[in-house]
Amino acid sequence: MSVSTAAIDPSVCAPLPVLGQDVTVPLVTGGEVTYAALDYAASAPALQRVWDDVAAYAPYYGSVHRGAGYLSQLSTDLFENSRSTVAEFLGCRVEDQVVFTRSTTDSLNLLAAAIPADCQVFVYETEHHASLLPWRDAQVTYLNAPRTPGQAVETLERALADRDPYGPALVCVTGASNVTGELWPVKELAAAAHAHGARIVLDAAQLAPHHPVDIAELDVDWVAFSGHKLYAPFGSGVLAGRADWLQAAEPYLAGGGASRKVARRADGGVDVDWHTTAARHEAGSPNVIGVYSIASACKALTEAGFESLVAREQELVGRVRAGLAEVPEVQVLSLFGDDAPRVGVISFVVRGWNSSHFAAALSAEYGIGVRDGLFCAHPLVRTLLGSDPQDPGECGAPEAEPGERSLNAIRVSFGAGTPDEHIDRFLRAVSELVREGAQWKYRTEDGRCVPDRGTAAQV
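Everything in this summary refers to the structure shown in the same document. Just so it is clear, the structure is predicted and the values come from calculations on it, not from any experiment.

Here we take up the sheet that holds strand 5 (residues 120-124). Ordered by their spatial adjacency, seven strands build an open sheet running 4-10-9-8-7-5-6, and the pairing between neighbours is mixed. One side of each edge strand has no neighbouring strand; the edge strands of this open sheet are strand 4 (97-101) and strand 6 (139-143). Averaged over neighbouring strand pairs, the angle between their axes works out to 20 degrees when direction is ignored. Where strand 5 meets strand 6, five bridges bridge the pair, whose relative direction is parallel.

Pasting the structure below:
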């Protein structure tokens, strides 16, 4: 997969309006500053367009698939039209199903519950925990972190060829790393999987907000992503792709909506006829607003010109990487090397700094929100840092004190709503902190590095 910016001038593509773009936050050193949200990889701010669409619909809120009234019928149409919008956004094939879930994690756990009993699962150690951990009831082969895209394909081909017994198999792979932002060779991995009789699911949580995803073109069997990464509010997600395993499996949740007919038997038991559509795995009252917000985000990105948004983001990626390269103490983390195509997700460590301390100073002294930790990808970050898998360090809860080395990293991430000023402020802050040090004292509290507000002494 490549990122193309040919014939597109990023300067003509302005940042998309997002919620919170005018929010100000206090600085520990005094005064306030507009908040620079540079933690898109965890949760991207909702697009203003999405929020406006949801607000316009809210007065017409009604139950879905269960009411004869006008508002219920309107909500049902909106819900099912949203399914069609998402299918179009993902380039789904005619026979594919779009199942609405709570998140990427929920989507992949749903698929894990639907795979055949004798299915073997192949997953790289580089995955986010959402795609690394759901396969608890399957025979799982964890693949070592590759150092080139070609090595990723070769590793998978060898593992699939050597599997015993030769039965159903599933490969799970990310489209873009939530740690390094690097794009994975999804189309080549899909070809390798299919050549060996396996299926493949794409974790597109970090890919879909930054780059067009086309199921048919990539030839993957399923795609999973979250609304809160795609500029929509929390609580909604998607699993889209082949229907056969989903139709053959017991419903992910049992209840109303998933059942087509329920009848008592003469022996006192209950017979259930389950739906064979996406409703089979959507029991309960659906998150209509969450689903509609995903569809709205899909429309907004498409109408804004996704390729132009990609081009502008690539310009920001280049600026951030160039700026960090000017600070010798900064080490950017990478699997595939400096030339690897990537989205707006960059992780790094700073020599002489505890990562939590550095992230806390960015927030408290510059109003910049980034993330520090192991990013729910513990094996990958430890591999990139060259540490032993048994070394201490937890996601978001570093054990080192300010100034001590930590086994965590710092992640800056951005996207369609990021203004140039946020990038400029971030690069200036990194340079100043490394050159001059923090202006305030910090301490560890409940596993987090925080400003020591008990004293006005500066360092």
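With that settled, the discussion passes to the sheet that holds strand 17 (residues 409-413). Pairing in this open sheet of four strands is antiparallel, and the strands run 13-14-17-16 from one edge to the other. Looking at the sheet topology across the chains shown, the edges are occupied by strand 13 (330-332) and strand 16 (371-373). Geometrically, the sheet is characterised by an average inter-axis angle of 30 degrees between neighbouring strands, direction not taken into account. As defined by bridge partners, strand 16 adjoins strand 17 across three bridges and the pair is classed as antiparallel. Opposite Arg-371, over in strand 17, you have Arg-411 as the bridge partner.

When the terminal C-alpha atoms of helix 9 (residues 288-304) are compared, their 24 Å separation across 17 residues agrees well with the 24 Å that a helix rising 1.5 Å per residue should span. In terms of residue burial, helix 9 counts as a mostly covered element, since twelve of its 17 residues are buried. Of all the residues in helix 9, the buried ones are Val-288, Gly-290, Val-291, Tyr-292, Ser-293, Ile-294, Ala-295, Ser-296, Ala-297, Cys-298, Ala-300 and Leu-301. At its buried positions, helix 9 is contacted by helix 1 (48-57), helix 2 (70-89), strand 4, strand 9 (222-226), strand 10 (237-241) and helix 10 (306-325). Once helix 9 ends, the next one or two residues include Gly-305, with phi positive near 95 degrees.

Basis of the calculations
- Residues numbered from 1 in each chain as written.
- Predicted model: local features only at pLDDT ≥ 70, side-chain atom pairs only at ≥ 80, totals over all residues.
- Heavy atoms only, no water.
- Pairing = 2+ DSSP bridges.
- Helix = DSSP H or I, 4+ residues; strand = E, 2+ residues; numbered from the N terminus.
- Axes fitted to C-alpha atoms, helices over the stretch in contact; angles between N-to-C directions.
- Expected span 1.5 Å × (residues − 1).
- Buried < 20%, exposed > 50% of the residue type's maximum accessible area, 1.4 Å probe, protein only.
- Contact = heavy atoms within 4.5 Å.

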